[in-house]
Amino acid sequence: MSSIAQEQIATIAEVAIAKFNELQQEEKVKRLDRRLFNTRILLKNYRHLKVYCNEMKESMDLEDEEQVEIITPDKEYLTLESIKRSEARTLAMMRFIDNMIRVYEMDCNHLGAEAVRRYETLLYFYIKNERKSYAEIAKLHNVHERTVQRDLKEAIHAMSVLFFGTDGLRLQL
């Protein structure tokens, strides 16, 4: 009877371990999806954040050092100091993004024409002041719109790796 109990325990343990591994794999996929989502959001809002940072740099020189309290709609008090910390984080984030874009450009220049096309697609779609559509970018590079979409997807994956390090890598076996 104890051998049956041991076999049942072993079976239960195997099932539990398999389920645990499955849940861990699902969590990895969710983290990757979250990073790709965050990368897309950062790139999508790049132009707005850049304008905001430029305006912020100008206004930082003009502000007084006194503590000013601001009441937000949800009745929280913010001090000028906390706003400045938030602005400083935004500036640091934008500097980091700009640096990673330069790193991506250098990588693409070493990898050849296709990689350069992906980099330029990323620039035209997200970074440059005037956003171009898939059709405009396709015409510019003399490729199909679907190629532009694929290039953009690959560029976003590459930027995700640059933004988040090895955590941004997709594990494919």
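Residues numbered from 1 in each chain as written. Predicted model: local features only at pLDDT ≥ 70, side-chain atom pairs only at ≥ 80, totals over all residues. Heavy atoms only, no water.

J.: Let's hear about the packing of helix 4 (residues 113–127) against helix 5 (residues 134–141): which residues, and what values?
T.: It is the contact of helix 4 with helix 5, at a shortest axis distance of 10 Å, that shows an interaxial angle of 145 degrees. In the packing of helix 4 onto helix 5, the handedness of the crossing is right-handed. The residues of helix 5 that touch helix 4, namely those facing R117, E120, T121, Y124 and F125, are Y134, I137, L140 and H141. Here the residues of the contact of helix 4 with helix 5 sort into five nonpolar, two polar and two charged. (Axes fitted to C-alpha atoms, helices over the stretch in contact; angles between N-to-C directions. Helix = DSSP H or I, 4+ residues; strand = E, 2+ residues; numbered from the N terminus. Left-handed = near helix turned anticlockwise from the far one by under 90°. Contact = heavy atoms within 4.5 Å. Nonpolar A, V, L, I, M, F, W, Y, C, P; charged D, E, K, R; others polar.)

J.: How would you summarise the nonpolar core if you had to cite specific residues and measurements?
T.: In terms of nonpolar packing, the biggest core is built from 30 residues, with I97, I101, Y104, L122, Y126, I127 and M159 touching the most fellow members. Those elements giving two or more residues to this core turn out to be helix 1 (2–44), helix 2 (46–62), helix 3 (80–111), helix 4, helix 5 and helix 6 (145–164). Looking at this core element by element, the count peaks at eight residues for helix 4. Ignoring sequence-local partners within four residues, the contact set of Y126 consists of R40, L43, K44, Y46, R47, L152 and I156. (Core = buried A, V, L, I, M, F, W, Y, C linked by side-chain atoms within 4.5 Å. Buried < 20%, exposed > 50% of the residue type's maximum accessible area, 1.4 Å probe, protein only.)

J.: I'd like a rundown of the packing of helix 5 against helix 6, residues and numbers included.
T.: Look at helix 5 against helix 6: their axes get within 8 Å of each other, and the N-to-C directions meet at 100 degrees. One element, helix 5, and the other, helix 6, form an angle in the roughly perpendicular class. Along the contact surface, helix 5 presents Y134, A135, I137 and A138, while helix 6 presents E145, V148, Q149 and L152. Of the residues belonging to the contact of helix 5 with helix 6, the class tally is six nonpolar, one polar and one charged. (Parallel < 35°, antiparallel > 145°, perpendicular 65-115°, else oblique.)

J.: With reference to specific residues and values, describe the confidence of the model for the chain.
T.: Looking at the chain as a whole, the pLDDT averages 81, with 77% of positions reaching at least 70. Taken element by element, the predicted model of the chain shows its lowest mean pLDDT in strand 1 (residues 69–71) (51) and its highest in helix 4 (96). Scored below 50 in pLDDT, residues 64–68 shows 10 contacts in the model against residues more than four places distant or in partner chains. (pLDDT = per-residue confidence, 0-100.)

J.: Talk me through the side chain of T121; I want residue IDs and the actual numbers.
T.: Checked against the element boundaries, T121 lands in helix 4. There is a polar contact of 2.8 Å between the side chain of T121 and the backbone oxygen of R117. (Polar contact = N/O pair within 3.5 Å; in protein donor to acceptor, adjacent residues only side chain to side chain.)

J.: Could you give an account of a positive patch on the surface, naming the residues involved and the relevant values?
T.: Taken together, R40, R146, R150 and K153 make up a surface patch of like positive charges. The biggest single contributor to the positive patch is helix 6, with three residues. (Patch = residues over 30% accessible without salt bridge, like charges linked within 9 Å, V, L, I, M, F, W, Y side chains within 5 Å. Areas by Shrake-Rupley, 256 points an atom, 1.4 Å probe, with all protein chains shown as cover. Salt bridge = Lys/Arg side-chain N within 4 Å of Asp/Glu carboxyl O. Lys, Arg positive; Asp, Glu negative; His and termini not counted. Charge placed at Lys NZ, Arg CZ, Asp CG, Glu CD.)

J.: Pulling in residues and values, what's your account of the packing of aromatic side chains?
T.: In this structure the tally under the stated criterion is five aromatic pairs. Each ring, one from F96 and one from F163, has its centre 6.2 Å from the other, and the planes form 45 degrees; the classification is tilted. Note that F96 is positioned in helix 3 and F163 in helix 6, a separation of 67 residues in sequence. Arranged with centres 5.0 Å apart and planes meeting at 15 degrees, the rings of F125 and Y134 form a pair that is stacked. (Phe/Tyr/Trp six-rings, centres within 6.5 Å; stacked < 30°, edge-to-face > 60°.)

J.: I'd love a proper account of the pattern of salt bridges, names of residues and values included.
T.: Inspection of every chain in the model, using the stated rule, returns five salt bridges. A salt bridge links R118 to E114; the nearest nitrogen and oxygen atoms lie 3.8 Å apart. Highlighted residues: R118 and E114, both in helix 4, separated by four residues, approximately one helical turn. A salt bridge links D151 to R117; the nearest nitrogen and oxygen atoms lie 2.5 Å apart. Taken together, the residues span a long stretch of sequence, with D151 in helix 6 and R117 in helix 4 at a distance of 34 residues.

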